[in-house]
Amino acid sequence: MATIQEVKDAHVAAWMEHSAVTGVGIALCEGEECIRVFLAGPSPEVREAIPDSVGGYRVDLQVIGTVTPSN
């Protein structure tokens, strides 16, 4: 079985192609490691394109708003 990092790395480029996706990371979801996909806003397109789990790991979508660099 692949590690969560390997699974995330295998999918991050494709997921980042969606304009609503602002980042992808590894987090804890209810005490277990999961892949968290950060969204600028709600996106039915992303909800359909990104599965609930990959490689045996849960995928969690979280709306965080627009990300801007700080000065």
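It should be noted that the structure appears before, not after, this text.
Here's what I pulled together on the structure shown here.

Cut-offs and rules
Residues numbered from 1 in each chain as written. Predicted model: local features only at pLDDT ≥ 70, side-chain atom pairs only at ≥ 80, totals over all residues. Heavy atoms only, no water. Helix = DSSP H or I, 4+ residues; strand = E, 2+ residues; numbered from the N terminus. Buried < 20%, exposed > 50% of the residue type's maximum accessible area, 1.4 Å probe, protein only. Expected span 1.5 Å × (residues − 1). Bend = angle between axes of the 7 residues up to and from the residue. Contact = heavy atoms within 4.5 Å. Pairing = 2+ DSSP bridges.

Attention shifts here to the environment of Glu32. With respect to the helices and strands, Glu32 occurs in strand S2 (residues 32-39). Note on Glu32: relative accessible area 58%, which makes it exposed. Counting along the chain gives 26 residues from Glu32 to Arg58, while the straight-line C-alpha distance between them is 8.8 Å.

Quick look at helix H1 (residues 4-16) now. End to end, H1 covers 17 Å across 13 residues, agreeing with the expected 18 Å (1.5 Å per residue, within 8%). The largest bend in H1 amounts to roughly 30 degrees and is located at Ala10. Along H1, the residues that are buried comprise Ile4, Val7, Lys8 and Trp15. Buried-residue contacts for H1 involve strand S1 (21-29), S2, strand S3 (53-54) and strand S4 (57-63).

Glancing now at the pairing of S2. Regular strands have side chains that alternate between both faces of the sheet. As defined by bridge partners, S1 adjoins S2 across eight bridges and the pair is classed as antiparallel. By the bridge assignment, Cys29 is partnered in S2 with Glu32. Where S2 meets S4, five bridges bridge the pair, whose relative direction is parallel. Residue pairing in the sheet places Ile35 in a bridge with Val59 of S4.

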